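# Structural overview for review
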Amino acid sequence: MSCSPFDLKDYILKELADPQQRQVEAHVKTCQPCQEELAQLSLTEAALLALRDEEIPQRIAFVSDPVFEPSPWRRALAAFWNSGARLGFASAAMLSAALVFFAVNRPAPAPVVHVASAPVQTIAPAPPSIPEA
Ligand SMILES: [Zn+2]
């Protein structure tokens with residue numbers, strides 16, 4: 001905390017008008033805490049200026065951007081597999097469909113053969129011949 005009439009950071013960054021700059025300089029010459037704070041700010045400024053300039057990334061994306069969201073198809077699939085109720089419904093629907101399919105397409109019954117009834121001649125077996133003695 002400085003007792004300077006103006007912010008020392010503005011002074012360091014040269015954002016003050018000339019009369020205000022001179023006021024701060026006059027104050028800093030007589031105030032020990034402000035001299036120390038100004039020295040620290042100068043060190044910080046020197047460290048910042050020592051860093052090389054980097055190009056600002058052209059494309060900045062946030063996690064909430066739609067680019068990072070999975071496709072609607074993938075979201076629907078994930079929601080489906082994570083829901084027991086939906087899986088149960090799908091199983092019941094598949095079972096019902098299978099039952100209907102096999103009820104409609106069941107194999108034809110074996111053909112019934114009608115045999116025309118012809119007069120049946122029964123041939124009685126010949127009585128056993130008794131040998132004559
Ligand atoms: Zn001061």
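Structure first, text after, so check above.
Reading the values: rules and limits
Residues numbered from 1 in each chain as written. Predicted model: local features only at pLDDT ≥ 70, side-chain atom pairs only at ≥ 80, totals over all residues. Heavy atoms only, no water. Helix = DSSP H or I, 4+ residues; strand = E, 2+ residues; numbered from the N terminus. Buried < 20%, exposed > 50% of the residue type's maximum accessible area, 1.4 Å probe, protein only. Contact = heavy atoms within 4.5 Å. Phe/Tyr/Trp six-rings, centres within 6.5 Å; stacked < 30°, edge-to-face > 60°. Donors = N, O, S within 2.8 Å, 3.2 Å for Na, K, Ca; no water. Core = buried A, V, L, I, M, F, W, Y, C linked by side-chain atoms within 4.5 Å. Axes fitted to C-alpha atoms, helices over the stretch in contact; angles between N-to-C directions. Parallel < 35°, antiparallel > 145°, perpendicular 65-115°, else oblique. Nonpolar A, V, L, I, M, F, W, Y, C, P; charged D, E, K, R; others polar. Salt bridge = Lys/Arg side-chain N within 4 Å of Asp/Glu carboxyl O.

So, about the overall build of the chain. Helix and strand counts for the chain come out as five helices and zero strands. Seen in sequence order, the chain has helices and strands lined up from the N terminus as α-α-α-α-α. Considered along the principal axes of its C-alpha atoms, the chain spans approximately 170 × 35 × 30 Å. Considering the chain as a whole, with its 133 residues, one finds that 11% of them fall into the buried category. Across the chain, the fraction of contacts at a sequence separation of at least 24, relative to all contacts at a separation of at least 6, is 36%.

In this section: the packing of aromatic side chains. Within the structure shown, the criterion is met by two aromatic pairs. Geometrically, the ring pair formed by Phe-101 and Phe-102 is edge-to-face, given 5.1 Å between the ring centres and 85 degrees between the ring planes. Among the residues examined, Phe-101 registers a relative accessible area of 47% and is labelled partly exposed. Owing to a relative accessible area of 55%, Phe-102 belongs among the exposed residues under this scheme.

The next subject is the coordination of the zinc ion. Bound to the zinc ion are the protein donor atoms Cys-3 (SG), His-27 (NE2), Cys-31 (SG) and Cys-34 (SG), situated 2.0 to 2.3 Å from the metal. Along the chain, the residues donating to the zinc ion are arranged with the sequence spacing C-x23-H-x3-C-x2-C. With Cys-3 in the segment before helix H1 (8–12) and Cys-34 in helix H3 (residues 32–50), the pair connects residues that are 31 residues apart, well separated along the chain. Residue classification places Cys-3 among the partly exposed positions, given a relative accessible area of 48%. For Cys-34, a relative accessible area of 0% corresponds to the buried category.

Generally speaking, soluble globular proteins have nonpolar side chains that are buried together. Grouped together as the largest cluster of nonpolar side chains are 10 residues: Leu-8, Tyr-11, Ile-12, Leu-16, Val-24, Val-28, Cys-31, Cys-34, Leu-38 and Leu-41. Elements represented by at least two residues in this core include exactly H1, helix H2 (18–30) and H3. Excluding anything up to four places from it in sequence, Leu-38 contacts Leu-8, Tyr-11, Ile-12 and Val-28.

The next point concerns the packing of helix H4 (residues 72–81) against helix H5 (residues 84–104). Between H4 and H5, the shortest axis-to-axis distance is 6 Å and the interhelical angle comes to 90 degrees. With respect to H5, the axis of H4 lies roughly perpendicular. Residue-level inspection shows Ala-79, Phe-80 and Trp-81 of H4 in contact with H5, the latter providing Arg-86, Leu-87 and Ala-90. Split into classes, the residues belonging to the contact of H4 with H5 amount to five nonpolar, no polar and one charged.

For the coordinates displayed, the defined rule picks out one salt bridge. With a shortest N-O distance of 3.7 Å, Arg-52 and Glu-54 are connected by a salt bridge. For Glu-54, a relative accessible area of 58% gives the class exposed.

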